[in-house]
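# A closer look at the structure
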Amino acid sequence: MLFFMSCRVSLSVIRLALPRNPTLTAKPVSLTLRASKHLVRFNSVSSVSTLFSMPERRPFVRLPTDVYPVNYGLRLKPDLVDFTFEGKLEAAVEVTQGTNQIVMNCADIDIITASFVPEGGEEINATGFNYQNEDEKVTLCFPSTLQNGSGSLKIDFVGELNDKMKGFYRSKYTTPSGEVRYAAVTQFEATDARRAFPCWDEPAIKATFDITLIVPKDRVALSNMNVVDRKPYPDDHSLVEVKFATTPIMSTYLVAFVIGEYDFVESQSSDGVTVRVYTPVGKAEQGKFALEVATKTLPFYKDYFNVPYPLPKIDLIAIADFAAGAMENWGLVTYRETALLIDPKNSCASSRQWVALVVGHELAHQWFGNLVTMEWWTHLWLNEGFASWIEYLCVDHCFPEYDIWTQFVSADYTRALDLDALDNSHPIEVDVGHPSEVDEIFDAISYSKGASVIRMLHNYIGDEDFRKGMNAYLLKFQHKNASTEDLWECLEQASGKPIAAVMNSWTKQMGFPIIVVDQEQHGSDRVLKISQKKFCASGPRNDEDCPNWMVPVSICTSEDPSCTKMKVLLDQPETTINITNVAPDHWVKINPGTVGFYRIQYSSAMLESLLPGIRDLTLLPVDRLGLQNDLFSLARAGMISTVEVLKVMEAFVNEPNYTVWSDLSCNLGVLSSLLSHTDFHEDIQEFIRDLFTPIGMKLGWDSKTGEGHLDALLRGLVLGKLGKAGHKATLEEARRRFKEHVEGKQILSADLRSPVYLTVLKHGDSTTLDTMLKLHKQADMQEEKNRIERVLGAIPAPDLIQRVLNFALSEEVRPQDTVSVIGGVAGSSKQGRKAAWKFVKDNWEELHNRYQGGFLISRLIKLTVDGFAIDKMAAEVKSFFESHHAPAAERTVQQCCENILLNAAWLKRDADDIHQYLLQRKAPPV
């Protein structure tokens, strides 16, 4: 599953979603941090671990193993008017130990009758159904003991097609003629198959599935497998009975069915798999890009894994109401419309790239996750981290012009470092028990840190041995379940390297190291002193029991910045490395390619020697980005002054690379948000204008011949940044182009719409907002609606901010998109942040009920409160969630409170210095 992401837009990180309620008892711990000129004492969450003590974990027991399924025969008859469904389950089961009860998972389902028929024996009717609603289980009680052996379990049941975007639910859409209708669709990961039928809803309890759907004859019915029979339903001639082929052995969370109205485009991959992309009616053309990506991707993965795709077909389908980004159901992959549909005229470059990545991610799961499945949710990271890494490998294969690996560093690697530096992070491998705990680990640690450590591992092993180990793993565990250790064993055998020992330090303990580096010149040799310690967002610690990592360290020099001169495995707190033949005037760089998952602190002299490589571009783009990002995080942690980072940022004035600018832009956005709490916010806007004006002038507004994908991304980024910061010429041109766009004289290109919309709204009034809402209503494409929704919050007037917040909960906005409208308000201004937080508190019941504890609730909280920078706000947020429980977001709440205190400390520590520096920049030279 991919959850929906965006840039690091607030004072911390997000990624799509993506434990138990915090109770604050201990007093804040006073910490001392070193700033550039002075020491500041502040109340920190340096030990948010003591501040936010975790409550008792809910008791949880996995299902008993005395009865297990072999095959599910499942018939479902949804009612698309009354939003209910009837179901009949006939499961072939094995009884391994005599018992008079069968325990299964079941939630929001009413069982009408249940019976057990032993092979060759008499039917035994269940005498009672004991529902354990808290644990989402049901116990079927029988009057006599079910003996060892095979049998058939029969259950008739009814359920509701809910509106919570999980289980078997309804999804609202509008027909081309304007009529509102509903599709019936599924989302089962992690623990929601039990809302569609009683089942053994654990990833390790695999079985085959024979699915039959009874549906209106004018609707499309899809499931994991191909249709083998379609015939009229005898009781009602307006219905048909659609039977699907038997699935391979698989986990319940990967089962899917969709009933609705769709068009499709179809192709065949070079290895003979039928690929279809299902779109809303009348929009088949918008499925062509995803179809092209999917047909290239399947053979790529087949070759990479050296294992064929095991099903006869794969369908990719766009679902109107969908909580995540996409879901990898075997053979029937479901997507948000914006993660699948591309309009050749009205889709921007970033949307095309997003679709390519999401298709690559979900199709990777068809092998890694579906063919071989994690044994339990503790190993979720293996599924998601791996898919989040290989999606980039796949897109790099299909679209080398995207320079996608550089983008990985900004989109995933730095996001994971930011989150994992918190005291309230968690290890990659999390001990998961109760279903309410599972949603919490769909976050940037499982996905982005997971992907980053796999990228580091791939680099450490080398591609050939990595592929050999992957192939062995998939063949050994196909149609079975595996744990993290099983993968390490296969990779260890393929490479001969100590994979388990190295990787356990990255997956079983929280956090990552900062590598501290100094150097001396000895003749023609350069001697490096390298040490490691845990990096903390709140600054250095002097813990006695500081953890160590086994760190693959690569080193390059200015002689050839793209070539690794030496590799070592740092497996102790410190070491000395001797590099031969390095001239005294050459620089040495640690972690070329920014592959190792750690921060670096260079000595002053080493840093000084590297900085010219930013101006003259001799450092690779990914290393220019990494250097700046490390310095920014060191400033936030109080280890260097923020002024030093601003000076380094000014060196990027000649920067041509989109991703480097994107990361710089994100960090300046964080700083701008922080300084919105001061009276010199306008000074940082001037700094942003000065930094971005030269590249803005160079790019201009219109694309030039020979430009490509990255130029389009860069132009949109730069113009949006200049417009938001109030650059006069950009604002005037944006207003002119917006007027022509609205009047239909000159339609804005898709790549210019976001920056133009943002700019006119940021400096707009009620007329601007009215016009924008009208554009939203007229938009036929979800991408355009989302584009507008994300920037509406930029409107400055308090009464208009309130209108936008009310709009977020209106029928005009799809349920999953409410979060980005509220988040857009919170991320746009100090007033917006306050208004959004008040709005969330005032409407908490409706919002919590709407998202039912899924990862969207975590995302909403993070986007709303992460930008505060006043100590008392942490207490207010904590207090609110103590009385308004959000079990799936407890860790998120703790992380947000920690971030608020870190922001407040940063502001106290560096605000005066930043202000002085910004004033001094403006002062005329004496």
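This one's a predicted model, so the numbers in the text were calculated from it and none came from an experiment. Within any chain, residue numbers begin from 1 and follow the written order of that chain's sequence. Thresholds applied to this predicted model are a pLDDT of at least 70 for local features of residues and 80 or more for the giving and counting of side-chain atom pairs; totals over whole chains, interfaces and linings are not thresholded and use all residues. Working from all heavy atoms in the structure, the side-chain values ignore hydrogens and water.

Moving on, we come to the sheet that holds strand β28 (residues 525–534). A sheet is described by the order of its strands in space; here four strands give the open sequence β31-β28-β27-β33, paired in mixed fashion. Taken across any chain shown, the strands that pair with only one partner, and hence form the sheet edges, are β31 (574–579) and β33 (599–602). The mean inter-strand angle of the sheet, taken between neighbouring strand axes irrespective of direction, is 25°. Criterion used throughout: strands pair if DSSP finds at least two bridges between them. Secondary structure elements follow DSSP: runs of H or I of four or more residues count as helices, runs of E of two or more count as strands, with numbering from the N terminus. The pairing of β28 with β31 spans six bridges and is classified as antiparallel. Looking across to β31, one finds that Leu528 is bridged to Ile577. In what follows, a contact means two residues having at least one pair of non-hydrogen atoms within 4.5 Å. Inter-axis angles, ranging from 0 to 180 degrees, are taken between N-to-C directions of lines fitted to C-alpha atoms, where helices are fitted over the stretch in contact. Contacting β27 (513–522) and β33, helix α13 (residues 621–636) runs over the sheet at an angle of about 85° to β33.

Another aspect to go through is the packing of aromatic side chains. For this analysis, a ring pair means two rings from Phe, Tyr or Trp (six-membered ring only for Trp) whose centres lie within 6.5 Å, classed as stacked if their planes differ by under 30 degrees, edge-to-face if by over 60, and tilted for the remaining angles. The tally for this structure, following the rule as stated, stands at 47 aromatic pairs. Both rings, one in Phe264 and one in Tyr278, keep their centres 5.2 Å apart while their planes meet at 45°; by these two values the pair is tilted. Of this pair, Phe264 sits in strand β20 (residues 263–268) while Tyr278 is found in strand β21 (residues 274–279), placing the two residues 14 residues apart along the sequence. Partly exposed describes any residue whose relative accessible area lies between the buried limit of under 20% and the exposed limit of over 50%, with all areas from a 1.4 Å probe on protein chains only and scaled to the type maximum. A relative accessible area of 37% means that Phe264 is categorised as partly exposed. Looking at Arg170, its charged tip hangs above the ring of Phe83, at a distance of 4.2 Å from the centre. Over the aromatic face of Phe289 sits the side chain of Arg352, whose NZ or CZ is 4.5 Å from the ring centroid. Should the NZ of a Lys or the CZ of an Arg lie within 6 Å of a ring centre and within 35 degrees of the ring normal, that charge is described as sitting over the ring.

In this section: the packing of α13 against helix α14 (residues 642–650). Packed helix pairs are specified by the crossing angle of their axes together with the interaxial distance, meaning the distance between the axes. Between α13 and α14, whose axes approach to 8 Å, the crossing angle comes to 160°. In terms of orientation, α13 lies roughly antiparallel with respect to α14. Every pair of crossing elements has a handedness; the one defined by α13 and α14 is left-handed. In this structure, α13 contributes Gln628, Leu631, Phe632 and Ala635 to the contact, and α14 contributes Thr642, Val645, Val648 and Met649. Angle categories: roughly parallel below 35 degrees, roughly antiparallel above 145, roughly perpendicular from 65 to 115, and oblique for all the rest. The handedness criterion is simple: a crossing whose near helix is rotated anticlockwise from the far helix by less than a right angle is left-handed, and one whose near helix is rotated clockwise is right-handed.

Pairing of β27 with β28, which is carried by ten bridges, proceeds in the antiparallel orientation. Paired with Gln519 across the two strands is Leu528, which belongs to β28. Between β27 and β28, which pair antiparallel and follow one another directly, the connecting turn spans two residues, one of which, Gly523, has a positive phi of 65°. Here four bridges tie β27 to β33, and the two strands are oriented parallel to one another. In the strand pairing of β33, Val517 is matched with Tyr602.

Turning to its location among the elements, Arg195 is positioned in the loop between β14 (180–187) and β15 (208–216). On the accessibility criterion, Arg195 (10% relative accessible area) is buried. Distance and chemistry together define a polar contact, namely a pair of N or O atoms within 3.5 Å, with one atom able to donate a hydrogen and the other to accept it when in protein, and with adjacent residues in sequence counting only for side-chain atoms on both sides. A polar side-chain atom of Arg195 sits 2.7 Å from a polar atom in the side chain of Asp108. One polar contact links Arg195 to Glu136, side chain to side chain, over a distance of 2.9 Å. Not counting chain neighbours up to four residues away, the residues in contact with Arg195 comprise Phe85, Ala107, Asp108, Ile109, Glu136, Lys166 and Gly167.

Within the fold, Asn383 resides in helix α4 (residues 380–398). According to the relative accessible area criterion, Asn383 is buried, its value standing at 2%. Excluding residues that lie within four positions of it along the chain, Asn383 makes contacts with Tyr253, Glu328, His365, Phe368, Gly369 and Met374. Here Tyr253 takes part through its side chain, which lies 3.2 Å from a polar atom of the side chain of Asn383.

Its place among the elements puts Ser562 in the loop between β29 (551–557) and β30 (566–570). Taking the C-alpha atoms as reference points, Ser562 and Leu634, separated by 72 residues in sequence, lie 25 Å from one another. Of note is the side chain of Ser562, whose polar atom sits 2.9 Å from the side chain of Asp560.

Here we take up the UniProt feature "binding site: Zn(2+)" (unreviewed entry) in the protein. Sites flagged by UniProt as "binding site: Zn(2+)" (unreviewed entry) map to His361, His365 and Glu384. Taken together, the annotated residues stretch across 24 residues yet fold into one region, lying no more than 8.6 Å apart by C-alpha. By the secondary structure assignment, His361 is in helix α3 (residues 349–365). Judged by its relative accessible area of 0%, His361 is buried. Apart from residues lying up to four places away in sequence, His361 is in contact with Met1, Leu2, Glu384, Ala387, Ser388, Glu391 and Tyr447. Inspection of the secondary structure puts Glu384 in helix α4. One polar contact links the side chain of Glu384 to the main-chain amide nitrogen of Met1, over a distance of 2.8 Å. UniProt positions are given in the numbering used here, feature names are shortened, and annotations may be inferred rather than shown by experiment.

A few words now on the packing of helix α20 (residues 766–778) against helix α21 (residues 782–791). Running from N to C, α20 and α21 point in directions that differ by 155°, and their axes come no closer than 8 Å. With respect to α21, the axis of α20 lies roughly antiparallel. Considering only the axes of α20 and α21, their crossing is left-handed. Touching Met772, Leu775, His776 and Lys777 of α20 are Lys785, Ile788 and Glu789, all from α21. Following the grouping adopted for this structure description, the nonpolar residues are Ala, Val, Leu, Ile, Met, Phe, Trp, Tyr, Cys and Pro, the charged ones are Asp, Glu, Lys and Arg, and the polar ones are all others, Gly among them. Looking at the contact of α20 with α21, its residues break down into three nonpolar, one polar and three charged.

Okay, the sheet that holds β30 next. Strands sit in the order β30-β29-β32 across an open sheet of three strands; the sheet is antiparallel. Two strands lie at the open edges of the sheet, namely β30 and β32 (588–590), each paired on one side alone. The average angle at which neighbouring strand axes cross in this sheet is 25°, direction not considered. Bridge count between β29 and β32: three bridges; the pairing is antiparallel. Among the inter-strand pairings, Thr557 is bridged to a residue of β32, identified as Val588.

A few words on the layout of surface pockets. As defined here, a cavity is a set of points on a 1 Å grid over the protein atoms alone where a 1.4 Å probe fits but cannot get out. A pocket is an open set with protein on both sides within 12 Å along at least five of seven lines, and residues line them when an atom is within 4 Å of a point. Grid points are joined across faces, edges and corners, and a volume is the space filled by probe spheres set on the points. Volume-wise, the second largest pocket comes out at about 1200 Å³. Lining of the second largest pocket is provided by 40 residues; of these, Lys172, Tyr173, Thr174, Asp321 and Arg814 occupy positions nearest its centre. Looking at the lining of the second largest pocket, the elements with two or more residues in it are β13 (167–174), β14, β22 (313–319), α21 and α25 (844–851). With five residues, the single largest contributor to the lining of the second largest pocket is β13.

Looking at the element boundaries, Asp616 is found in the loop between α12 (612–615) and α13. On the accessibility criterion, Asp616 (45% relative accessible area) is partly exposed. It is 8.0 Å that separates the C-alpha atoms of Asp616 and Asn654, two residues lying 38 residues apart in sequence. Of the polar contacts made by the side chain of Asp616, one reaches the side chain of Thr618; its length is 2.7 Å.

This part takes up unusual backbone geometry. Comment: phi is negative for the bulk of residues other than glycine, and the bulk of peptide bonds are trans. Between Glu189 and Ala190 the backbone carries a cis peptide bond, its omega angle lying at 10°. Within the secondary structure, Ala190 sits in the loop between β14 and β15. Non-glycine residue Asn306 carries a positive phi angle of around 60°. For Asn306, the location among the structural elements is in the loop between α2 (288–305) and β22. Even without a glycine there, the phi angle at Asp403 is positive, about 50°. Within the secondary structure, Asp403 is located in the loop between α4 and α5 (404–420). Residue classification places Asp403 among the partly exposed residues on the basis of a relative accessible area of 25%.

Let us look at helix α7 (residues 445–461). By this rule, a helix spans an expected 1.5 Å times one less than how many residues it contains. Its 17 residues give α7 an end-to-end C-alpha distance of 22 Å, which sits within 8% of 24 Å, the value for a rise of 1.5 Å per residue. Phi for Gly462, located one or two positions after α7, is positive at around 95°.

What counts as a salt bridge is simple: a side-chain nitrogen of Lys or Arg found within 4 Å of a carboxyl oxygen of Asp or Glu. Counted under the stated rule, the structure contains 60 salt bridges. Among the salt bridges present, the one from Lys164 reaches Asp163, with a minimum N-O distance of 3.0 Å. For the salt bridge of Asp420 with Lys449, the shortest nitrogen-to-oxygen distance reads 2.7 Å. Highlighted residues: Asp420 in helix α5 and Lys449 in helix α7, separated in sequence by 29 residues. Residue Asp420 shares its accessibility class with Lys449, and that shared class is buried.

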